[in-house]
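Observations on chain architecture
Read off the chains here:
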Amino acid sequence: MRDHIHDGARWLPEHHDDIDGNLLGKVFGAALDQCRTCEETMLAELSENSSTTEHLLELACTAVIGTLGGLPNDLVDIAAERSPVPIEFRRAALTFVHNDRPALTALCHQMTPAQRHAASRTATALYTGEARAGNIQPT
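Residues numbered from 1 in each chain as written. Predicted model: local features only at pLDDT ≥ 70, side-chain atom pairs only at ≥ 80, totals over all residues. Heavy atoms only, no water.

Quick word on the packing of helix H2 (residues 36-46) against helix H7 (residues 113-132)
Note the following rule: Think of each axis as a best-fit line through the C-alpha atoms, taken over the contacting stretch in the case of a helix, with angles from 0 to 180 degrees between the N-to-C directions. Only DSSP runs of H or I reaching four residues or more are called helices, and only runs of E reaching two or more are called strands; each is numbered from the N terminus. Orientation categories follow fixed angle ranges, with anything under 35 degrees roughly parallel, anything over 145 roughly antiparallel, 65 to 115 roughly perpendicular, and all other angles oblique. Each helix crossing is assigned a hand: it is left-handed if the near helix lies turned anticlockwise from the far helix by less than a right angle, otherwise right-handed if that turn is clockwise. Between two residues, a contact is recorded if the distance between any of their heavy atoms is within 4.5 Å.
Closest axis-to-axis distance for the H2/H7 pair is 9 Å, and the angle between their directions is 125°. Taken together, the axes of H2 and H7 lie oblique to each other. Both H2 and H7 take part in a crossing whose hand is right-handed. Touching Glu39, Glu40, Leu43, Ala44 and Leu46 of H2 are His117, Ser120, Arg121 and Thr124, all from H7.

What follows is the structure, encoded as structure tokens:
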């Protein structure tokens, strides 16, 4: 995996508080290149940092809201037992929609790395989908 590089967008801030913008750029680069091995490896690394995970979730939700005017019920329905969307992502998205930053921060900090990984995988798919569709322009 480390023998090749994915050109990721530069995400600002590169290092703001505990947010690793450089790692986010690499994740998005791998996702846009459809290199699942690199994407999963970097998502595992990203999932160790709750602040970077939180920022990724915010980016994804903001992108979808910008396109659709809101988040589809499938992304926020925490009662849906058979949803293919990880419950951790749905909880975070619902918290984001309610504009409760302290609760979103707490939720991301309380997640296990495996839960953050699942939520981050969904957020990455949503964000890169918006980028592929031309709805957002990474910096």
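Quick notes on the pattern of salt bridges
In plain terms, the rule: By definition here, a salt bridge exists when the distance from a side-chain nitrogen of Lys or Arg to a carboxyl oxygen of Asp or Glu is within 4 Å. Accessible area is worked out with a 1.4 Å probe on protein chains only. A residue is then buried under 20% of its type maximum, exposed over 50%, and partly exposed in between.
Following the criterion strictly, the structure yields three salt bridges and no others. With a closest N to O distance of 2.8 Å, Arg121 and Glu40 form a salt bridge. Of the two residues, Arg121 sits in helix H7 while Glu40 sits in helix H2, which places them 81 residues apart along the sequence. Among the residues examined, Glu40 registers a relative accessible area of 29% and is labelled partly exposed.

Brief notes about the side chain of Glu88
The test is simple: Working convention for charge: Lys and Arg count positive, Asp and Glu count negative, and His plus the chain ends are omitted. For this analysis, a polar contact is any N or O atom pair within 3.5 Å, provided that within protein one partner can donate a hydrogen and the other can accept it, and provided that sequence-adjacent residues contribute only side-chain to side-chain pairs.
Examined against the element boundaries, Glu88 turns out to sit in helix H5 (residues 87-97). This buried residue, Glu88, is left without a salt bridge; Arg91 holds the nearest opposite charge, at 5.1 Å. Among the polar contacts listed, one links the side chain of Glu88 to the side chain of Gln115, at a separation of 3.4 Å. Residue contacts for Glu88: discarding those within four places in its chain leaves Met111, Gln115, Ala118 and Ala119.

By themselves, these are just geometric observations and shouldn't be taken as functional.
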